[in-house]
Every structure is written in C-alpha cells, then in structure tokens.
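Okay, here's what each chain looks like letter by letter:
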Amino acid sequence: MKKKIYFLSDVHLGSAYHRKHVNKDESISLASKGIDINHYAQLKVEQKLCRWLDMVKQDAKAIYLLGDIFDYWFEYKNVVPRGYTRFLGKIAEITDSGIEVHFFIGNHDIWLTDYLQNECGMIIHREALTTELLGKKFFLAHGDGLGDDSRSFKLLRKLFHSSICRIPFAAIHPRWTVGFAHWWSNHNRSTGEMPDYMGEDKEHLVLYAKEELKTKTDINFFIFGHRHIMLDLMLSQSGRIVILGDWLRYFSYGVWDGENFVLDVYEE
C-alpha cells in the first residue's frame with residue numbers, strides 16, 4: 001500500500017464554538033436530560049477526530065498537526081489540562097505503531113513542556129520546519145506571526161511566547177487561568193478572528209510565501225493552518241500554498257501521496 005503524509009490543523013478541542021454543531025432540537029433534548037451541551041459538543045468533535053485518525057493510520061507514513069489542536073493547553077510541572085483522553089490515547093496508539101506524529105505549537109497551544117512528547121510519542125515543533133516529504137520540499141508552520149506586521153499582534157505574541165511571563169501565569173490556580181483562556185479565545189472568535197479569504201494581495205500568509213519564494217525557489221509547498229480558511233493556490237510554476245481550513249467549520253485536512261496534494265473534507 002502506498003504511504004501518504006497527512007496534515008491537519010485548528011481543531012480547537014475544548015472550544016465552545018463546537019456547540020454550533022448541535023441543532024436546536026438536540027439542545028432541547030440534552031438540556032431536558034441535564035447534559036452539558038458544551039461538553040457534549042466538544043466530545044462529539046473529539047470522537048470524530050479519533051475516527052479520522054483511525055482512517056488515516058491505515059496508510060499514513062506520518063501525520064502533521066499544524067497547531068491549535070487544543071483551544072487552550074498549558075502544562076504545569078506535574079499537571080496537564082483535564083479532558084482529551086480519547087484523542088491523546090489515540091495518538092499514543094498511533095505513535096506506538098511506528099507512525100510519526102508531528103505536533104506544531106499554535107497560538108492557542110503554545111505552553112508545552114514534555115508531556116505530549118514523553119507520554120504520547122509526538123515530535124514537537126516550536127518553529128517552522130522545512131523538510132522533504134516524498135520527493136518534494138515542504139515549508140510547514142502554524143502560520144501565526146508570519147507576514148503580519150501588526151504591532152499589537154507582535155506584542156501579544158511576544159508576551160505569549162515569553163518564558164518569563166509563563167512563570168507568574170503558572171503560579172495562578174488553574175480554576176482562574178483555564179476559564180480566562182477560554183473566555184479570551186471565544187471572545188476573539190466572536191469578534192472576527194476568522195475573517196473570510198481576503199484575496200491574494202491581502203492574505204498575510206500568501207504574501208509571506210511569495211516573499212520566501214524569492215530566495216527559496218526550491219520550496220514546492222507552503223502548508224499552514226491558523227487562518228481558518230481552505231485555500232489551495234499556485235504561487236509559481238512549482239510553488240504552491242495550502243491553508244488547511246479547520247475543524248470548527250470545515251472538518252478539513254490535507255493529504256500528499258508523492259504525486260498529488262489534495263485538500264479534502266472528512267465526511268462520514
């Protein structure tokens with residue numbers, strides 16, 4: 001069987017946004033049974049993600065998770081966030097079988113130490129990666145901070161990536177930090193964090209890839225997450241950018257078999 005490389009990003013496990021996939025009748029039924037709708041919706045997405053992993057492990061050479069798999073993740077010295085048991089167990093099962101799973105930090109799941117690596121077997125990437133995959137050269141990154149010259153965004157990103165700022169944040173009890181993090185995430189999303197495609201001349205990641213191609217002409221694919229849009233665009237005769245969409249709206253992913261790259265939607 002021909003081995004393939006799979007790419008996925010922006011699942012945002014734990015996000016209240018997943019509640020949008022629960023219809024009105026289902027919500028009424030759940031409420032009458034005293035079932036928490038947010039937890040139910042998040043669990044359904046996690047289970048769907050595990051089914052996707054079961055599907056791709058059949059012919060996967062490697063799986064690349066390009067950031068924001070969790071809506072919020074902060075590892076304390078001896079404690080990790082509650083939940084995600086099915087997903088983490090599935091990842092451990094896959095890596096135990098010999099399939100590489102690469103995990104890129106996003107702007108929602110920055111704060112890793114060694115849990116995902118040691119307990120789940122994932123290969124952690126804190127920076128963009130240029131690598132050859134089945135005969136073609138790939139530039140892989142979550143995408144936050146690339147091509148975006150906004151001062152406010154750069155300042156916020158610097159604070160979030162600061163090891164110094166992490167120390168006092170870790171000293172605050174999780175009952176406060178977890179709630180605040182999810183509130184911040186949902187507030188940003190409700191106020192326009194996911195704008196539609198802005199056009200080739202305005203998309204930061206497209207502009208960034210075009211600039212990189214001026215000096216790195218051998219890159220065949222730029223693969224990003226972050227923008228929550230599905231985009232597959234040729235930038236030159238041999239250079240192409242793919243933005244993977246998300247699992248908040250699309251349930252999308254990418255797959256490369258050495259000849260064709262397909263941006264697809266997982267449907268059951």
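Keep in mind the model is a prediction, meaning the values are calculated, not measured.

What counts as what
Residues numbered from 1 in each chain as written. Predicted model: local features only at pLDDT ≥ 70, side-chain atom pairs only at ≥ 80, totals over all residues. Heavy atoms only, no water. Phe/Tyr/Trp six-rings, centres within 6.5 Å; stacked < 30°, edge-to-face > 60°. Lys NZ or Arg CZ within 6 Å of the ring centre and 35° of its normal. Polar contact = N/O pair within 3.5 Å; in protein donor to acceptor, adjacent residues only side chain to side chain. Helix = DSSP H or I, 4+ residues; strand = E, 2+ residues; numbered from the N terminus. Axes fitted to C-alpha atoms, helices over the stretch in contact; angles between N-to-C directions. Parallel < 35°, antiparallel > 145°, perpendicular 65-115°, else oblique. Left-handed = near helix turned anticlockwise from the far one by under 90°. Contact = heavy atoms within 4.5 Å. Nonpolar A, V, L, I, M, F, W, Y, C, P; charged D, E, K, R; others polar. Buried < 20%, exposed > 50% of the residue type's maximum accessible area, 1.4 Å probe, protein only. Pairing = 2+ DSSP bridges. Salt bridge = Lys/Arg side-chain N within 4 Å of Asp/Glu carboxyl O.

Trainee: What should I look at first to understand the packing of aromatic side chains in this one?
Mentor: Here the distance between the centres and the angle between the planes together describe a pair of aromatic rings. A full pass over the atoms with the stated rule returns 21 aromatic pairs. Ring pairing ties together the aromatic residues F7, Y64, F104, F138, F221, W256 and F261, which thus form one cluster. Directly above the ring of Y17 sits K20, whose terminal nitrogen or CZ lies 5.2 Å from the centroid. Between the NZ or CZ atom of K48 and the centre of the ring of F251, over which it lies, the distance is 3.8 Å.

Trainee: Help me understand helix 1 (residues 24–32) in this model?
Mentor: Along an α-helix, residues three or four positions apart point the same way, because every turn accommodates 3.6 residues. Here helix 1 starts with a cap whose side-chain oxygen sits 2.7 Å from the backbone nitrogen of E26, and that cap is N23. Where helix 1 ends, the next residue or the one after it, G34, has phi of about 75 degrees, a positive value.

Trainee: Looking at this model, I keep getting lost on the packing of helix 2 (residues 37–56) against helix 3 (residues 85–96). Mind explaining?
Mentor: Helix-helix packing is characterised by the crossing angle of the two axes and by the distance between the axes. For the pair helix 2 and helix 3, the least separation of the axes is 9 Å and the interaxial angle reads 15 degrees. The orientation of helix 2 with respect to helix 3, classified from their angle, is roughly parallel. With respect to the hand of their crossing, helix 2 and helix 3 are arranged in left-handed fashion. Residues L43, E46, Q47, L49, C50, L53 and D54 of helix 2 form the contact with helix 3, whose participating residues are T85, R86, F87, K90, I91, E93 and I94. Residues that form the contact of helix 2 with helix 3 fall into these classes: 7 nonpolar, 2 polar and 5 charged.

Trainee: Even after reading the chapter, I still don't get unusual backbone geometry, so can you show me in this structure?
Mentor: Note: most residues except glycine have negative phi, and most peptide bonds are trans. Within the chain, H12 stands out as a residue other than glycine whose phi angle is a positive 55 degrees. With respect to the helices and strands, the residue H12 is situated in the loop between strand 1 (4–8) and helix 1. Look at H12 and you get buried, because its relative accessible area is 0%. Unlike most non-glycine residues, F251 shows phi in positive territory, near 55 degrees. By the element assignment, F251 lies in the loop between strand 9 (240–244) and strand 10 (252–256).

Trainee: Could you clarify how one ought to interpret the sheet that holds strand 6 (residues 136–140) in this entry?
Mentor: To summarise the sheet geometry, strands pair through backbone hydrogen bonds and adopt either a parallel or an antiparallel arrangement. With mixed pairing, the 5 strands of this open sheet are ordered in space as 5-6-7-9-8. The open sheet terminates on both sides in strands that have one partner only, identified here as strand 5 (129–133) and strand 8 (230–234). Within the sheet, the average angular offset between the axes of one strand and its neighbour, ignoring direction, is 20 degrees. Where strand 7 (residues 221–224) lies against strand 9, 4 bridges are found, and the strand directions are parallel.

Trainee: Looking at this structure, how should I read the sheet that holds strand 10?
Mentor: The mixed open sheet is built from 6 strands, whose spatial order is 4-3-2-1-10-11. In the strand order of this sheet, the two ends are held by strand 4 (123–125) and strand 11 (261–265), each with one partner. The average undirected angle you get between the axes of adjacent strands in this sheet is 20 degrees. Here strand 2 (residues 60–65) pairs with strand 3 (residues 100–104) via 4 bridges, running parallel. Of the residues in strand 3, the one forming a bridge with L65 is F103.

Trainee: It is not clear to me how the pairing of strand 5 should be interpreted in this structure. Could you clarify?
Mentor: Bridging between strand 5 and strand 6 involves 5 bridges; their strand directions are antiparallel. From the neighbouring strand, L133 faces strand 6, where its bridge partner is K136.

Trainee: What should I look at first to understand the environment of V255 in this one?
Mentor: Looking at the secondary structure, you find V255 in strand 10. Classification of V255 as buried rests on a relative accessible area of 12%. Apart from residues lying up to four places away in sequence, V255 is in contact with K4, I5, Y6, F7, N260, F261 and V262.

Trainee: Any chance you could explain the pattern of salt bridges here in plain terms?
Mentor: Once their charged atoms are close, side chains differing in charge can pair, the charge on each being opposite to the other. Taken as a whole and judged by the stated rule, the model has 13 salt bridges. Measuring nitrogen to oxygen at the nearest pair gives 2.8 Å for the salt bridge that ties K90 to D54. Residue K90 is located in helix 3, and its partner D54 is located in helix 2; the two are separated by 36 residues in the primary sequence. Taking the relative accessible area as the measure of exposure, K90 reaches 13% and is therefore buried.

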